[in-house]
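# Results of the structural survey
As a plain string of letters, each chain reads:
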Amino acid sequence: MASGPLAGYTIIEMAGIGPGPFAAMMLSDMGAEVVRVEAKSAQAPIGYSHPRFDVTTRGRRSITVDLKHPQGLALLLRLVEKADALIEGFRPGVMERLGLGPEVCLAKNPKLVFGRMTGWGQTGPLAKAAGHDLNYIAITGVLHAIGRADAPPPVPLNLIGDYGGGGMLLAFGVVCALLEAQRSGQGQVVDAAMTDGTALLSSIILGMKADGLWSNRRASNLLDGGAHFYDCYACADGKFVAFGALEPHFFKLFCEKVGLTDIDIDQHLNPKRWATLKPRLAELFRSKTRDEWCALLEGTDCCFAPVLDWDEAVQHPHNQARRTYIDIDGVTQPAPAPRFSRTPGAVQRPPARRGEHTDEILAAFGIAAEQIATLRSAGVI
């Protein structure tokens, strides 16, 4: 029996890539029974030598269905009838062409939450265009704001659009709609767009810009590396540290610890001073190795941390104490989050092989063994 705050909910996941599987992983980690529906003719995800490495598919059972076969369509609709939610990440119109659009699914199950994950959203002039994370965050102002002033914006992994502004937004939207459906008895469509989610993540920056506290000039602002007290610095050994003494009293403590006695703390937030102090701090941090700086500053109120690589992060004492990372089948991966005091989440199972649980799932949904055999002989599953 699954544990977690979403235990008892059943969610159909139309297999895709990126933010959809990430949202499904989050929902599964919180206890939901997520059934991953994969196209019978689909290829294995690019880049993985074994399913166990596809971390964002962990926690759910997998079924293969030929959705272009009339019996495959009917079969999926039988699953929808007993589900609490369905999530999909196709381009607008694809589910409708399959005969599985919101109108059809809600007619079968009026309480169904129908979660849709796209880059551009279900509407708008770009809605049907191809794209990826980098494109979606580009039109929100966020990509322009990241990086150094004298270089193009860097590629900030695919964490902002795909996962923060995409998968998490979808998971949040689905849970909100599930709560509302408990009161109203009615389902609805959740339109989660990475452009919307990325814009949402930038709320504080837009507020600061409206107040005249943020400019369009990269690396000239409070939180983008423009300030000497909020940046990453190179150390004597070529490694880096992250320094974020935003508040004056934290920076004052830093100055006391490192012997900077001639800096006017009252001018801490004056941008006119930042450019002259940045080279001083850069020279200072280059005077010691990263480990030497850790010995002096880590764990203090100086707002300091070492910049760790993937392997170092797993070994850091704080992450180990909190078990931030776990191991499943030899694959290091993040533990479920957030944490709950009474109904903790958990990884329900390792990533599945495509179609590994087809018979098991169909039986759980009340489909007789004889009918399962017939569907298999007809090539539907």
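Computed from a predicted structure; not experimentally measured. (Residues numbered from 1 in each chain as written. Predicted model: local features only at pLDDT ≥ 70, side-chain atom pairs only at ≥ 80, totals over all residues. Heavy atoms only, no water.)

## A short note on the overall build of the chain
The condition that has to hold: For the purposes of this entry, the term helix denotes a DSSP run of H or I that reaches at least four residues, the term strand denotes a run of E that reaches at least two, and both are numbered from the N terminus. To sort residues, take the accessible area from a 1.4 Å probe on protein chains only and compare it with the maximum for the residue type: under 20% means buried, over 50% means exposed, and anything in between is partly exposed. Between two residues, a contact is recorded if the distance between any of their heavy atoms is within 4.5 Å.
The secondary structure content of the chain amounts to 16 helices and 11 strands. In terms of overall dimensions, the chain has C-alpha extents of about 85 × 45 × 40 Å along its principal axes. Burial analysis of the chain (381 residues in total) assigns 43% to the buried set. Across the chain, every contact between residues at least 6 apart in sequence was considered, and the portion connecting residues at least 24 apart equals 67%.

## Here we look at the packing of aromatic side chains
Inclusion rule: The rule is short: rings of Phe, Tyr and Trp, with Trp giving its six-membered ring, pair when the centres are within 6.5 Å, and they are stacked under 30 degrees, edge-to-face over 60, tilted in between. Here, over-ring charges are defined by two tests on the NZ atom of lysine or the CZ atom of arginine: distance to the ring centre within 6 Å, and angle to the ring normal within 35 degrees.
Applying the stated criterion across every chain, the model contains 10 aromatic pairs. Through pairs of rings, three or more aromatic residues link up here, namely Tyr233, Phe243, Phe251, Phe254, Phe285 and Trp293. The ring of Trp293 carries the charged tip of Lys288 above its face, separated from the ring centre by 5.7 Å.

## Quick notes on unusual backbone geometry
For the bond running from Ala337 to Pro338, omega is 0°, close enough to zero to count as cis. Within the fold, Pro338 resides in the loop between strand E11 (331–334) and helix H15 (358–364). For Ala219, which is not a glycine, the phi torsion comes out positive at approximately 60°. Here Ala219 lies in the loop between helix H9 (203–210) and strand E7 (230–234).

## A word on the nonpolar core
Condition: In plain words, nonpolar cores are sets of buried Ala, Val, Leu, Ile, Met, Phe, Trp, Tyr and Cys residues tied together by side-chain atoms within 4.5 Å.
Counting residues in each nonpolar core, the largest one holds 30 residues, and the members touching the most others are Leu27, Ala32, Val113, Leu170 and Val174. When contributions to this core are tallied by element, the ones reaching two or more residues are helix H1 (19–29), strand E4 (85–88), strand E5 (113–118), helix H7 (159–184) and strand E6 (188–193).

## Let's talk about the pairing of strand E10 (residues 325–328)
Consecutive residues of a regular strand have side chains that alternate between opposite faces of the sheet. Quick note on the threshold: By the convention used here, strands pair only if DSSP detects at least 2 bridges between them.
Here E10 shows one buried face, formed by Ile326 and Ile328, and one open face, formed by Tyr325 and Asp327. Looking at chain direction, E10 and E11 are connected through 4 bridges and run antiparallel. Bridge pairing in E11 places Ile328 opposite Val331. The turn linking E10 back onto E11 is made up of 2 residues, and Asp329 within it adopts a positive phi angle of 55°.

## With respect to the sheet that holds strand E9 (residues 304–306)
Test applied: Simply put, an axis is a line fit to the C-alpha atoms, just over the touching stretch for a helix, and the angle between two N-to-C directions goes from 0 to 180 degrees.
Across the sheet, which stays open at both edges, the 3 strands sit in the order E7-E8-E9 with antiparallel pairing between neighbours. Looking along the sheet, the strands with just one partner apiece sit at the ends: E7 and E9. The mean inter-strand angle of the sheet, taken between neighbouring strand axes irrespective of direction, is 20°. Inspection of the sheet shows strand E8 (residues 240–244) paired to E9 by 3 bridges, in the antiparallel sense. Looking across to E9, one finds that Ala242 is bridged to Ala305. Contacting E8 and E9, helix H12 (residues 290–297) crosses the sheet at an angle of about 145° to E9.

## Some words on the sheet that holds E4
Two strands in a sheet stick together by hydrogen bonds in their backbones, pointing the same way (parallel) or opposite ways (antiparallel). Strand order in the open sheet formed by 6 strands is E3-E2-E1-E4-E5-E6, with parallel pairing between adjacent strands. Unpaired on one side and paired on the other, strand E3 (61–65) and E6 mark the two borders of the sheet. Across the sheet, the mean angle separating the axes of adjacent strands is 20° when strand polarity is ignored. Pairing of E4 with E5 involves 4 bridges; the strand directions are parallel.

## Section: the packing of H1 against H7
Convention followed: Reported orientations rely on four angle classes, namely roughly parallel under 35 degrees, roughly antiparallel over 145, roughly perpendicular from 65 to 115, and oblique for the rest. If you view the pair so one helix is near and one far, a crossing is left-handed when the near helix is turned anticlockwise from the far one by less than a right angle, and right-handed when it is turned clockwise. Lys, Arg, Asp and Glu make up the charged group, whereas Ala, Val, Leu, Ile, Met, Phe, Trp, Tyr, Cys and Pro make up the nonpolar group; the residues left over, Gly among them, are polar.
Interaxial distance between H1 and H7 falls to 8 Å at its minimum, and their mutual angle equals 50°. By the angle between their axes, H1 is oblique relative to H7. Here H1 and H7 pass one another in a crossing that is right-handed. Judged by residue contacts, Pro19, Phe22, Ala23, Met26 and Leu27 of H1 engage Asp162, Tyr163, Gly166, Gly167, Met168, Leu170, Ala171, Val174 and Val175 from H7. Here the contact of H1 with H7 is composed, by residue class, of 11 nonpolar, 2 polar and 1 charged.

## Notes on the environment of Arg116
Short version of the rule: The definition of a polar contact used here is a pair of N or O atoms within 3.5 Å, where within protein one atom must be able to donate a hydrogen and the other to accept one, and adjacent residues in sequence count solely through side-chain atom pairs.
Inspection of the secondary structure puts Arg116 in strand E5. Of the residues examined, Arg116 reaches a relative accessible area of 4% and is grouped as buried. Placed 184 residues apart in sequence, Arg116 and Thr300 show a C-alpha to C-alpha distance of 44 Å. When residues no more than four places from it in sequence are discounted, the contact partners of Arg116 are Glu88, Gly93, Met95, Glu96, Pro102, Gln122, Leu170, Val189, Val190, Asp191 and Ala192. A polar atom in the side chain of Arg116 sits 2.5 Å from the side chain of Glu88.

## Notes on the environment of Arg97
With respect to the element layout, Arg97 can be found in helix H3 (residues 94–98). Taking the relative accessible area as the measure of exposure, Arg97 reaches 65% and is therefore exposed.

## Quick word on the pattern of salt bridges
Convention followed: The term salt bridge refers to a pairing of a side-chain nitrogen on Lys or Arg with a carboxyl oxygen on Asp or Glu at a separation within 4 Å.
The tally for this structure, following the rule as stated, stands at 15 salt bridges. Residues Glu13 and Arg36 are paired through a salt bridge, measuring 2.6 Å at the closest nitrogen-oxygen approach. Placement of Glu13 in strand E1 (residues 10–14) and of Arg36 in strand E2 (residues 33–39) is noted, with a sequence separation of 23 residues between them. You can call Glu13 buried: its relative accessible area is 1%. Its salt-bridge partner being Glu96, residue Arg116 comes within 2.9 Å of it at the nearest N-O pair. You can see Arg116 sitting in strand E5 and its partner Glu96 sitting in helix H3, a full 20 residues away along the chain. Accessibility expressed as a relative area gives 37% for Glu96, which makes it partly exposed. Ionic contacts of the salt-bridge type, sharing partners, join the residues Glu13, Arg36, Glu38 and Arg60 into one network.

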